[in-house]
Amino acid sequence: MKFNIITIFPKLLDSYLEEGILSRALAKKVIKIKTHDLRKWTKDKHRTVDDTPYGGGAGMLMKIEPLYKALQHIKKSSQKIEKKKKKIILLSASGKKWNQALAQKYSTLEDIVFICGRYEGVDWRIKEFIDEEVSIGDYVLTGGELAAMVIIDSITRLLPGSLGNENSVAEESHSKKNVGEYPQYTRPEEFKVGQKKYKVPPILLSGDHERIKEWRRKNQKIIK
Ligand code: SAM
């Protein structure tokens, strides 16, 4: 799976990619991530990627030409991939809401391009050149980079070879609709704070796997 990120801050995500599961997935070539500095597709000496909105209004908008050129460039590298195996996503606070079901669906793709907006957003004509707009939640971020990383992270952990234990994704929150995870504990069996003792439920120490399974099923959180 290849992720392309079009951004004006190409270094912003580096440290997140240097640690943990994403760095391992990169090293094992389960994923590839290519950041594209949007300013590369500007012509003027200030490498301008934004301008004022027609009709007035607050803030600046990202210009259409550099974005279009960046997309044309990236498309060349994915020419051989079937249309249904690739997507161009504009990150947008008013897009389709990202969730685990979408992460599962998109984990079967081969190539995703993310356009990370900044300023007040992007010239509306970008909609002619994308497949969809995606939001990671009902709030407004300063840019699309974090949203791209949230999506990349949630997809990557579903890809075979990226987690140590493949079963962990089958049994966790949202793997079934509206079902959260069950309570889990690790050592010590008894955790003391002053006089108060916090104990692990005895059934989990019983070694009876059938009863433990049933207990976990009954205690799974229902997500409202
Ligand atoms: N004026 C825009 C609006 O009212 O929706 C907000 C622009 S925001 C300051 C700048 C960029 O951050 C957006 O173009 C988008 O790429 C990204 N962004 C902000 N909130 C987001 C969210 N919830 N999900 C995904 N991307 C978001």
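Before reading on, note that the structure itself is shown above.
Residues numbered from 1 in each chain as written. Predicted model: local features only at pLDDT ≥ 70, side-chain atom pairs only at ≥ 80, totals over all residues. Heavy atoms only, no water.

**Student:** How should the overall build of the protein chain be read in this particular structure?
**Tutor:** The helix and strand tally for the protein chain stands at seven helices and nine strands. Taken against the 2.2 N^0.38 rule, which gives 17 Å for 224 residues, the C-alpha radius of gyration of the protein chain at 22 Å runs more than 25% over that of a compact globule. In terms of its C-alpha atoms, the protein chain occupies a principal-axis envelope of roughly 70 × 40 × 30 Å. Each of the 224 residues in the protein chain was classed as buried or not, and the buried ones make up 38%. Across the protein chain, the fraction of contacts at a sequence separation of at least 24, relative to all contacts at a separation of at least 6, is 73%. Of the roughly 14400 Å² that the protein chain leaves accessible, carbon and sulfur atoms contribute 52%. Here the protein chain contributes 43 positively and 29 negatively charged side chains, and the mean placements of these two sets differ by 2 Å. (Helix = DSSP H or I, 4+ residues; strand = E, 2+ residues; numbered from the N terminus. Rg over C-alpha atoms; globule rule 2.2 N^0.38 Å. Buried < 20%, exposed > 50% of the residue type's maximum accessible area, 1.4 Å probe, protein only. Contact = heavy atoms within 4.5 Å. Areas by Shrake-Rupley, 256 points an atom, 1.4 Å probe, with all protein chains shown as cover. Lys, Arg positive; Asp, Glu negative; His and termini not counted. Charge placed at Lys NZ, Arg CZ, Asp CG, Glu CD.)

**Student:** Can you help me understand the site of the ligand in this one?
**Tutor:** In the vicinity of the ligand there are 19 residues, among which L91, G117, E120, Y139 and L141 approach most closely. With respect to the ligand, the backbone of Y139 contributes an N or O atom lying 2.8 Å from a nitrogen atom. In the model, a nitrogen atom of the ligand is placed 2.9 Å from a nitrogen or oxygen of the L141 main chain. When the free accessible area of the ligand is taken as 580 Å², the share hidden by the protein chains comes to 81%. A molecule is said to occupy a pocket when more than half its atoms come within 2 Å of that pocket's grid points, and by this definition the ligand occupies the largest pocket. Broken down by secondary-structure element, the contributors of at least two residues to the shell around the ligand are β5 (86-97) and β7 (132-135). At three residues, β5 tops the list of elements feeding residues into the shell around the ligand. When grouped by side-chain class, the residues that make up the shell around the ligand number nine nonpolar, eight polar and two charged. (Near = heavy atom within 4 Å. Polar contact = N/O pair within 3.5 Å; in protein donor to acceptor, adjacent residues only side chain to side chain. 1 Å grid on protein atoms, 1.4 Å probe; cavity = no way out; pocket = protein on both sides within 12 Å on 5 of 7 lines; lining within 4 Å. Sits in = over half its atoms within 2 Å of the grid points. Nonpolar A, V, L, I, M, F, W, Y, C, P; charged D, E, K, R; others polar.)

**Student:** Would you mind showing me how to read the pairing of strand β8 (residues 190-193) here?
**Tutor:** On any regular strand, side chains alternate: one points to one face of the sheet, the next to the other face. With four bridges connecting them, β8 and strand β9 (residues 196-199) associate as antiparallel partners. Among the inter-strand pairings, V193 is bridged to a residue of β9, identified as K196. Taken together, β8 and the strand that follows it, β9, pair antiparallel across an intervening segment of two residues, in which G194 is found at a positive phi of about 60 degrees. (Pairing = 2+ DSSP bridges.)

**Student:** Looking at this structure, I do not really get the nonpolar core. What am I missing?
**Tutor:** Among soluble globular proteins, nonpolar side chains are generally buried collectively. Residues W98, I112, F114 and I155 are the most contacted members of the largest nonpolar core, which totals 31 residues. When contributions to this core are tallied by element, the ones reaching two or more residues are β1 (2-7), α2 (20-27), β5, α4 (100-106), β6 (111-115) and α5 (145-156). Among the elements that make up this core, the one with the highest residue count is α5 (six residues). Excluding residues that lie within four positions of it along the chain, I155 makes contacts with M1, F3, W98, A103, Y106, S107 and I112. Within the second largest apolar cluster, 18 residues are counted, among which are I8, W41, I115 and I126. (Core = buried A, V, L, I, M, F, W, Y, C linked by side-chain atoms within 4.5 Å.)

**Student:** Sorry if this is basic, but what is going on with the pairing of β5 here?
**Tutor:** Across five bridges, β5 lies against β6 in parallel orientation. The partner of K86 across the bridge, within β6, is D111. Remark: the β5/α4/β6 crossover connection has right-handed handedness. Taken together, the five bridges between β5 and β7 define a ladder with parallel strand orientation. Bridge pairing in β7 links I89 to E132. (Right-handed = clockwise from strand over helix to strand, strands pointing away.)

Any functional reading would require information beyond the geometric quantities listed.
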